[in-house]
Amino acid sequence: MTFSDANCFTCQSRRRTEWCVLSEDELGVIDKAKKSRTLGPGEILFHQGDPCGGIHCIENGLIGARKLDADGNSILLGMAYPGDTLGYRFLLSGEDYQASAEALKPSTVCYIDQSAIRFLLEKNPALGLRFLQRAARDLNEAEDRFLQSVTLSVRARFAHLLLVLKKRYEENGVPRKTTEFSMDLPLSRQDMAALIGIRPETMSRTIRQFEEEGIARFSGRRVHVPHTEKLLGALETDNIV
């Protein structure tokens, strides 16, 4: 892990964050208080059980939220992208971190101490409203994931995950002119299985099915989809693996 010289005024992700409601002077408070770090894949931003003393804002890269189960296994709960904010719920509730955060790709993350956050929350009520809206969206997404886990087939859940990763892949500026696309998956097969609520062996069977049906081809973490329409078609199937 190394320190970086990220600047809040020139940050390309700021317009997608809660900080977009801040004035120039208020943004200066954040820029002065923040500490920016660059992490390599596998490096830990914070551990489950650590005290939460501030908020982490992702400038670039990809961060995974992990939690230990009763058997001590690390389970991937979700992913955070540029513009996402980590730790705000624990800071506002006064709790320790209930999950760990790990860099899944090279990432730059800015840490803002709670004293600066509380100062701005008191000065600018719109910031607090933004965090409340973010909490509501996070809750809605959690409910959607639960609904998918009990109503969608395994292949439909996997197809949906690939389409979500594809969308993020394109948002990062990768051009796509045809329905055919290839991308490097940021997750291991075990992590993908955890995200869609299945066992790793079920994931392996689903991948084989996708390859046999010509929906996608996998080589390590590289996936190639010859026709996006076939991937979309997998969302409409009722087959349960």
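Not measured: the values here are computed from a predicted model.

Conventions we followed
Numbering of residues begins from 1 in every chain and follows the order in which that chain's sequence is written. With the structure being a predicted model, the display of local features is reserved for residues of pLDDT at least 70 and the display and counting of side-chain atom pairs for 80 or more, all residues being used for whole-chain, interface and lining totals. Hydrogen atoms and water are omitted, and side-chain values are computed over all heavy atoms in the structure. Here a helix means four or more residues in a row that DSSP labels H or I, a strand means two or more in a row labelled E, and each is numbered from the N terminus. By the criterion applied in these results, polar contacts are pairs of N or O atoms within 3.5 Å in which, for protein atoms, one can donate a hydrogen and the other can accept it, and in which residues neighboring in sequence qualify only through two side-chain atoms. We call two residues contacting when some pair of their heavy atoms lies within 4.5 Å. Any helix carries an expected span of 1.5 Å times its number of residues minus one. Each residue gets one of three labels from its accessible area relative to the maximum for its type: buried under 20%, exposed over 50%, partly exposed in between, using a 1.4 Å probe on protein chains only. Directions from the helix axis toward the C-beta atoms define the arc.

Caption draft 1: Local environment of the side chain of Asp84. Looking at the secondary structure, you find Asp84 in the loop between strand 6 (74–80) and strand 7 (85–86). A distance of 2.7 Å separates a polar side-chain atom of Asp84 from the backbone nitrogen of Tyr81. Look past the residues within four positions of Asp84 in its chain and what remains in contact with it is His56, Cys57, Ile58, Met79 and Arg134.

Caption draft 2: How the structure looks around helix 4 (residues 125–151). Taking 1.5 Å per residue, 27 residues should reach 39 Å; helix 4 reaches 39 Å between its end C-alpha atoms and fits that length. Among the residues of helix 4, Leu127, Phe131 and Arg134 are the ones counted as buried. As for helix 4, its buried residues are in contact with strand 4 (54–60), strand 7, helix 2 (88–93) and helix 3 (114–123).

Caption draft 3: Focus on helix 7 (residues 200–212). Under the 1.5 Å per step criterion, the end-to-end length of helix 7 is 19 Å for 13 residues, consistent within 8% with the ideal 18 Å. Of all the residues in helix 7, the buried ones are Thr202, Met203, Thr206, Ile207 and Phe210. Axial view of helix 7: buried residues confined to an arc of 140°, hence all on one face. One or two positions beyond helix 7, positive phi appears at Gly214, with a value near 75°.

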